[in-house]
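Residue strings, one per chain:
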Amino acid sequence: MKPFYNDIKATKDELQNLKTYKSNGVDDSLIRKYILNPYLYETTVKFIPKTIAPNMITLIGFFFMNLTFFISYFYSGNDFKGNLPNLVFLINAIGIFLYQTLDNLDGKIARNLKQSSPLGEMFDHGVDALACTIGIMAFCCSSQIGYLQNDLLFRISHDSIFGNLLNYLLNSIHGITGGLFGGHYGGITGDFTLDLKWTFILLELITAQLPFIFATWEEYHIGFLYLGKFNGPIEGLLSIIFTQIIGFLFGHEIFHFTIFNLISLKFICVLSSTFLAIITSILNLKKILLKNLNDKNLNDKKNLQKALQKALQIVMEILPYFIYKLFLILIILINKENINKYPLILLFGICFHFGYLSSNITLCHLLKRKLPNIYNHLIYLITFILQFLAIFGGLFGLFIYCIGLFIIYCNFVLEVCDTISTYLGINVLTITPVKKDNNNDINADKNGGK
């Protein structure tokens, strides 16, 4: 199937960079190094038929991650309050474990079969970007976050100073773009509230998405993917698997356990994991800045000024991610009635949106091109216009956001697969006959890379 329109617009010189692709990366996870790799991955890879393409292995793993979500959601319901049978927790643990295992095997299989390619890396990173959001959605279902809906984290009265200021800004924005939304917008007549349920979801999304996109951003700058001794693909997923095993053993009631009747155990887990995610991302940023500024003599005033300008330019590269998060918070504050009734419309919309943002960074790394941004890439700008519609457009705006991002993301995937496979003469989901001069494979052991 061909893409609907040209999004990536790769030049001949950029495509030429695909031929110099080398699969490399470092995974320093201690659990992977001393337990999973020698006793599970190295053994399991021998039983995978050599007729199955690495990208197909990636896709099968993604199927198991989706399976865990849809089964959990079937019992949880739109309100995230349904009781999951103990067996479902076990199915979730097995499904996530299979996803994790296959995500680590696909790269090994690619190297063993000499199928390593930039398309494989795009495929792997793209699936992981979607899976990290879907995995969070599954966890939200299993932990029954719907019971937090009426517990407010904060309230801003609409007639307070801050409420009036926020209302003024929102009315001004709507006054400029009022024709887009249809119908009259009379401002916020109730209070601005953020309940614990959506706070929980926001923190979980930060925990999964922030270190993912910052690690991808770091790979773009330093040339390879580095995963630390404690990272999301290994320890992060194992911690979620552990919670599902606990749910299987003790039932859904365990997720309502509170310490000293003050704070929920699941909130302690979320807050601690969010803290680790932020620290990890700061370390990623530090590496990026050191890589780009290490040749500057910062004691010199002119050099310091240039270094600060360069640092600002680098930070601006990740601006779309923070706009995406800011707009998400505004959706939750303003369109909360519709997202509480139809949460999946929003959650799938942000799943495709995040997948598109992070996959573009990976593509730019492979093509060795500058990162796109809202001021130099039309499709980027359109994604945020669609997200803006979800803030003020009610249920219709949410639906347009989800469908629009689905189309944009699917077109991007189709174009990447078509462009890279055609240029390099490789297959997407089947084994490509190995050429004698295929030297793309190296002795790297990147987590899931190809």
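Everything quoted here is computed from the prediction, not taken from an experiment.

### Quick notes on the overall build of the chain
Part 1: Each helix and strand counted, the chain has 15 helices and six strands in total.
Part 2: For the chain, the proportion of its 450 residues judged to be buried stands at 53%.
Part 3: Summarising the internal contacts of the chain: among those between residues at least 6 apart in sequence, 85% fall at separations of at least 24.
Part 4: Only carbon and sulfur atoms are counted for the fraction: they give 67% of the accessible area of the chain, which is about 21200 Å².

### Structural notes on the pattern of salt bridges
Part 1: A complete count under the given rule lists five salt bridges for this structure.
Part 2: For K108, the salt bridge is made with E42, and the minimal N-O distance between the two is 2.9 Å. Of this pair, K108 sits in helix α4 (residues 86–112) while E42 is found in helix α2 (residues 30–44), placing the two residues 66 residues apart along the sequence.
Part 3: You can call K108 buried: its relative accessible area is 7%.
Part 4: The exposure class of E42 is partly exposed, given its relative accessible area of 33%.

### Here's the deal with the packing of aromatic side chains
Part 1: Throughout the structure, instances matching the rule amount to 24 aromatic pairs.
Part 2: Ring geometry for Y321 versus Y324: centroids 5.8 Å apart, planes at 45°, classification tilted. Of this pair, Y321 and Y324 both sit in helix α11 (residues 319–334), three residues apart, which is roughly one turn of that helix. There is no split in this pair, since Y321 and Y324 are both buried.
Part 3: An aromatic cluster is defined as three or more aromatic residues linked by ring pairs; in this entry it consists of F69, F70, Y73, F348, F352, F406 and Y409.

### Describing empty space enclosed by the protein
Part 1: Scanning the entire structure with this criterion turns up three cavities of 30 Å³ or more.
Part 2: Counted as a void, the largest cavity has a volume near 70 Å³.
Part 3: In terms of lining residues, the largest cavity is bounded by I213, E317, I318, P320, Y321, L357, I361, L371, P372 and Y380.
Part 4: Of all the elements in the fold, those that place two or more residues in the lining of the largest cavity are α11 and α13 (343–367).

### Some remarks on the packing of helix α3 (residues 54–76) against helix α5 (residues 118–142)
Part 1: Direction vectors running N to C along α3 and α5 enclose 15°, while the axes themselves pass 9 Å from each other. Relative to α5, the element α3 lies roughly parallel. Taken as a pair, α3 and α5 cross one another with a handedness that is left-handed. Taking contact as the criterion, the partners of N55, T58, L59, F62, M65, N66, T68, F69, S72, Y73 and S76 in α3 are, on α5, L119, G120, F123, D124, V127, L130, A131, I134, G135, M137, A138 and C141.
Part 2: Class assignment of the residues belonging to the contact of α3 with α5 gives a composition of 14 nonpolar, eight polar and one charged.

### Considerations on the environment of L59
Part 1: Structurally, L59 is set in helix α3.
Part 2: When the C-alpha positions of L59 and F123 are compared, they lie 8.7 Å apart, and in sequence the two are 64 residues distant.
Part 3: Leave out the neighbours within four places in its chain, and L59 touches F123 and L429.

### Some thoughts on the packing of α5 against α13
Part 1: Closest axis-to-axis distance for the α5/α13 pair is 9 Å, and the angle between their directions is 155°. It follows that α5 is roughly antiparallel to α13 by the angle criterion. By crossing handedness, the relation of α5 to α13 is classed as right-handed.
Part 2: When its residues are assigned to classes, the contact of α5 with α13 shows 15 nonpolar, eight polar and one charged.

### Some remarks on the confidence of the model for the chain
Part 1: On average, residues of the chain score 84 in pLDDT, and 84% of them are at 70 or above.
Part 2: Overall, residues 177–189 carries pLDDT values under 50, and its contacts beyond four positions in sequence, including any with other chains, amount to 20 contacts.
Part 3: Within the model, pLDDT remains below 50 along residues 438–448, and this stretch shows 44 contacts once partners closer than five positions in the same chain are excluded.

### Some thoughts on the environment of I391
Part 1: Looking at the element boundaries, I391 is found in helix α14 (residues 378–392).
Part 2: On the accessibility criterion, I391 (1% relative accessible area) is buried.
Part 3: Along the sequence, I391 and F327 sit 64 residues apart, while their C-alpha atoms lie 7.4 Å from each other.
Part 4: Setting aside residues up to four positions removed in sequence, I391 forms contacts with F327, L330, I331, I334 and N335.

### Focus: the nonpolar core
Part 1: The biggest cluster of nonpolar side chains holds 104 residues, and the ones touching the most others in it are F69 and L346.
Part 2: Examining the composition of this core, we find that 16 residues originate from one element, α13, more than from any other.
Part 3: Residues within four places of F69 in sequence aside, it is in contact with I134, M137, A138, C141, L344 and F348.
Part 4: One finds I48, L105, I109 and I234 within the second-largest nonpolar core, a separate group that totals 10 residues.

Parameters at a glance
- Residues numbered from 1 in each chain as written.
- Predicted model: local features only at pLDDT ≥ 70, side-chain atom pairs only at ≥ 80, totals over all residues.
- Heavy atoms only, no water.
- Helix = DSSP H or I, 4+ residues; strand = E, 2+ residues; numbered from the N terminus.
- Buried < 20%, exposed > 50% of the residue type's maximum accessible area, 1.4 Å probe, protein only.
- Contact = heavy atoms within 4.5 Å.
- Areas by Shrake-Rupley, 256 points an atom, 1.4 Å probe, with all protein chains shown as cover.
- Salt bridge = Lys/Arg side-chain N within 4 Å of Asp/Glu carboxyl O.
- Phe/Tyr/Trp six-rings, centres within 6.5 Å; stacked < 30°, edge-to-face > 60°.
- 1 Å grid on protein atoms, 1.4 Å probe; cavity = no way out; pocket = protein on both sides within 12 Å on 5 of 7 lines; lining within 4 Å.
- Points joined across faces, edges and corners; volume = space filled by probe spheres on them.
- Axes fitted to C-alpha atoms, helices over the stretch in contact; angles between N-to-C directions.
- Parallel < 35°, antiparallel > 145°, perpendicular 65-115°, else oblique.
- Left-handed = near helix turned anticlockwise from the far one by under 90°.
- Nonpolar A, V, L, I, M, F, W, Y, C, P; charged D, E, K, R; others polar.
- pLDDT = per-residue confidence, 0-100.
- Core = buried A, V, L, I, M, F, W, Y, C linked by side-chain atoms within 4.5 Å.

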